[in-house]
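Remarks on the overall topology
Next come the chains, spelled out residue by residue.
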Amino acid sequence: MKSFGQRASGERLERMRASPQWAGDGFRNLAPIAPGLRQPGAAMPSIGEMLCPRPPRLPPGPLPLHDPRAAWLRPPQSGLRATWLGHSTVLLEIDGWRVLTDPVWGPRASPFARMGPKRFHPAPVALRDLPEVDAIVISHDHYDHLDYPTIRALRAARVPFITTLGVGAHLQAWGIAPERITELDWWQSHTVSGTGLTVTAAPSQHFSGRGLKTRNSTLWASMVVRGPRHAMFFSGDTGLTEQYATICERLGPFDLALLEVGAWHPAWGDIHLGPDHAMQALALLGNPAFLPVHWGTFCLAMHDWDQPVERLLDLAPASPAALLMPRLGQPLEPAHGPLLTAWWRNLKSTELASDLLSQQALSAQYQQASEADSMPKEAWPLD
């Protein structure tokens, strides 16, 4: 199946093998696992539990979706604006340029069209309605971050991809031209042509793979995007390590941090943050404004669907950082301060103003765009 991707070979594989993170047959984490990250004796969830989620692991109703297109027509007042589009997909507007993180518009976080975690909601905008972006950043190759139907829809676009070692093999196999792909090792940087943006891959504590025999065959990373005036940190998927302090020292300070808070489990404390560890990571990063991601779109763990953000509301008063809790599709500027409305607590509310898209129209639009586990080639602005 094409959705499984392609293993690296030739010069790409040789470059991977030269990485300090390469351990003979794959990549490895270098930071030691701190005591207490994993809960002793925590049982791993069963396959049945993972494949058959029930409320409260699923939201009770449709999530409100904000239409950001009118806001995108105006430049951000502060020079930095972020729009959370679901899971780890964020449109970042920074110092006059646009960057898209881990774009996922497909119907499932899975290689299969009819199996695997299904979206709670369509994306707030169709892929074709995004403004042109200057770079796409992909943190690693897991299905909820590297989405085959979305990448196929981007084949005809001219936007460059910046990702980690080995992931370019998947992109190239799916039709992305090699000259549009830049693969980074940890601490390597790339300046996006025609912009003032620099993207740097930084350490994270995770793993990779899209099949039973491809575990750790590509690298994973956090990503830093820096412009002339602002900088953003994107965790990708990671556990808590002291490397965050090193990242802040070498690549900070940061104006915004996108940290994963969902899909965590006591047995996964070394590879996912969860809300408590996210707040600790945020402190190590210097307490920039905090936009939680990796929640509210797929059921990938055993906790209640909204547990991560409810916990963040409990933790927020003890942190000097501004916590940003936007609705899906709601553009925000970190410079404008905290955004703490618990919009998810009443999903059946009719408090949907005219600035929200019709759920029914979005669902129809999304269904049409995601038929046959693919998206139309024209689903991207090419002009």
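The structure contained in this document is the topic of the report that follows. The numbers attached to residues start from 1 for each chain and follow its sequence in the written order. Local features are withheld for residues below a pLDDT of 70 in this predicted model, meaning they are given only at 70 or higher, and side-chain atom pairs are given and counted only at 80 or more; totals for whole chains, interfaces and linings count all residues. Only heavy atoms go into the side-chain values, all of them from the structure, while hydrogens and water stay out.

1. Describing the overall build of the protein
- Helix and strand assignments come from DSSP, with helices taken as H or I runs of at least 4 residues and strands as E runs of at least 2, each series counted from the N terminus. Secondary structure assignment for the protein yields 9 helices and 12 strands.
- Here the C-alpha coordinates of the protein stretch approximately 55 × 50 × 45 Å along the principal axes.
- Working definition: with a 1.4 Å probe on protein chains only, accessible area under 20% of the residue-type maximum means buried, over 50% means exposed, and in between means partly exposed. A buried classification covers 60% of the 383 residues belonging to the protein.
- Contact criterion: two residues are considered in contact whenever any of their non-hydrogen atoms come within 4.5 Å of each other. At a minimum sequence separation of 6, the contacts of the protein that also span at least 24 residues come to 71%.
- Residue burial considers only the protein chains on display, and all accessible areas are found by Shrake-Rupley using a 1.4 Å probe. Accessible surface for the protein amounts to roughly 15,900 Å². Of this, 52% is attributable to carbon and sulfur atoms.
- Distance between charge centroids for the protein: 5 Å, based on 33 positive and 35 negative side chains. Neither His nor the chain ends is counted toward charge; the positive residues are Lys and Arg and the negative residues Asp and Glu. To locate a charge, the coordinates of NZ of Lys, CZ of Arg, CG of Asp or CD of Glu are taken.

2. Some remarks on the environment of D129
- Take D129: it is sitting in the loop between β3 (97-101) and β4 (135-137).
- The class of D129 is partly exposed, set by a relative accessible area of 25%.
- In this structure the C-alpha to C-alpha distance between D129 and R69, which are 60 residues apart in sequence, comes to 7.8 Å.
- The definition of a polar contact used here is a pair of N or O atoms within 3.5 Å, where within protein one atom must be able to donate a hydrogen and the other to accept one, and adjacent residues in sequence count solely through side-chain atom pairs. A distance of 3.3 Å separates polar atoms of two side chains, one belonging to D129 and the other to R69.

3. Examining empty space enclosed by the protein
- Two kinds of site are reported from a 1 Å grid over the protein atoms alone, namely cavities, where a 1.4 Å probe fits but cannot get out, and pockets, open sets with protein on both sides within 12 Å along at least five of seven lines, and residues are called lining when an atom falls within 4 Å of a point. Grid points are joined across faces, edges and corners, and a volume is the space filled by probe spheres set on the points. Per the counting criterion, the structure on display carries 5 cavities of 30 Å³ or more.
- Its volume calculated, the largest cavity comes out at about 110 Å³.
- Together, 16 residues line the largest cavity, and A263, F298, C299, L300 and H303 are the ones closest to its centre.
- Charged means Asp, Glu, Lys or Arg here, nonpolar means Ala, Val, Leu, Ile, Met, Phe, Trp, Tyr, Cys or Pro, and polar covers whatever is left, Gly included. When the residues that make up the lining of the largest cavity are grouped by side-chain class, the tally is 9 nonpolar, 5 polar and 2 charged.

4. Let's talk about the sheet that holds β3
- A pair of strands is treated as paired once DSSP finds two or more bridges between them. If you walk across this open sheet you meet the 6 strands as β1-β2-β3-β4-β5-β6, and the pairing is mixed. Where the open sheet ends on each side, the last strands, each with one partner, are β1 (80-86) and β6 (181-184). Averaged over all pairs of adjacent strands, the angle between their axes in this sheet comes to 20 degrees, without regard to strand direction. Axis angles are defined between N-to-C directions and span 0 to 180 degrees, where every axis is a line fitted to C-alpha atoms and, for a helix, only to the segment in contact.

5. Brief notes about the packing of aromatic side chains
- Between the rings of Phe, Tyr and Trp (Trp by its six-membered ring), a pair exists once the centres lie within 6.5 Å; its type follows the angle of the planes, with under 30 degrees stacked, over 60 edge-to-face, and the other angles tilted. This structure, assessed with the given rule, holds 11 aromatic pairs.
- Both rings, one in Y148 and one in W174, keep their centres 5.2 Å apart while their planes meet at 65 degrees; by these two values the pair is edge-to-face. Here Y148, found in helix α4 (residues 148-153), pairs with W174, found in the loop between α5 (167-173) and β6; they are 26 residues apart in sequence, far enough to count as distant. Per residue, the accessibility class of Y148 equals that of W174, and both read buried.
- Ring centres of W295 and W344 lie 5.9 Å apart, and the angle between their planes is 80 degrees; on these two criteria the pair is classed as edge-to-face. You can see W295 sitting in the loop between β12 (289-293) and α8 (307-315) and its partner W344 sitting in the loop between α8 and α9 (359-369), a full 49 residues away along the chain. No difference in accessibility class separates W295 from W344, as the two residues are buried.

6. Concerning the environment of W186
- Turning to its location among the elements, W186 is positioned in the loop between β6 and β7 (189-191).
- Residues W186 and V224 lie 38 residues apart in sequence; the distance between their C-alpha atoms is 11 Å.
- Beyond its immediate chain neighbours, meaning those up to four positions away, W186 contacts Q21, R28, L30, A201, A202, P203, S204, L219, W220, A221 and Q243.
- A distance of 2.7 Å separates a polar side-chain atom of W186 from the backbone oxygen of W220.

7. Describing the side chain of S222
- Mapping S222 onto the fold places it in strand β9 (residues 222-226).
- In terms of polar contacts, S222 uses its side chain to reach the backbone carbonyl oxygen of P203, at 2.9 Å.
- Apart from residues no more than four positions distant in its own chain, S222 is found in contact with T200, A201, A202, P203, S204, F233, F234, S235 and I247.

8. Structural notes on the pairing of strand β2 (residues 89-94)
- Of all the 6 residues making up β2, 6 are buried; the element is thus mostly covered by neighbouring parts of the structure.
- Burial of the side chains of β2 extends over both faces: T89, L91 and E93 are buried on one face and V90, L92 and I94 on the other.
- Judged from the 6 bridges that link them, β1 and β2 form a sheet pairing that is antiparallel. By the bridge assignment, L80 is partnered in β2 with I94.
- Count of turn residues in the β1/β2 antiparallel hairpin: 2 residues, of which H87 carries a positive phi of about 50 degrees.
- In textbook terms, the turn of a hairpin is the stretch between consecutive antiparallel strands, and for β2 and β3 this stretch comprises 2 residues, one of which, D95, has a positive phi near 55 degrees.

9. Concerning the packing of helix α7 (residues 274-284) against α8
- In the contact formed by α7 and α8, the axes pass within 8 Å of each other and the chain directions differ by 45 degrees. For the element pair α7 / α8, the angle class is oblique. Two packed elements cross with a definite hand, and for α7 against α8 that hand is right-handed. Contacts between α7 and α8 involve P275, D276 and M279 on the former and, on the latter, Q307, P308, R311, L312 and L315.
- Residue composition of the contact of α7 with α8, by class: 5 nonpolar, 1 polar and 2 charged. Oblique is the label for any angle not covered by the other classes, which are roughly parallel (under 35 degrees), roughly antiparallel (over 145) and roughly perpendicular (65 to 115). Crossing chirality is assigned from the near helix's rotation relative to the far helix, an anticlockwise turn below a right angle marking it left-handed and a clockwise turn marking it right-handed.

10. Focus: the pattern of salt bridges
- A pair is scored as a salt bridge if a Lys or Arg side-chain nitrogen falls within 4 Å of a carboxyl oxygen belonging to Asp or Glu. According to the stated counting rule, one finds 8 salt bridges in the structure shown.
- In this structure, the salt-bridge partner of R69 is D129, at a minimum N-O distance of 3.3 Å. You can see R69 sitting in helix α3 (residues 69-72) and its partner D129 sitting in the loop between β3 and β4, a full 60 residues away along the chain.
- Owing to a relative accessible area of 33%, R69 belongs among the partly exposed residues under this scheme.
- For R81, the salt bridge identified is with E93, shortest N-O distance 2.7 Å. Here E93 lies in strand β2 and R81 lies in strand β1, a separation of 12 residues in the sequence.
- Overlapping salt bridges bring together D67, R69 and D129 as one network.

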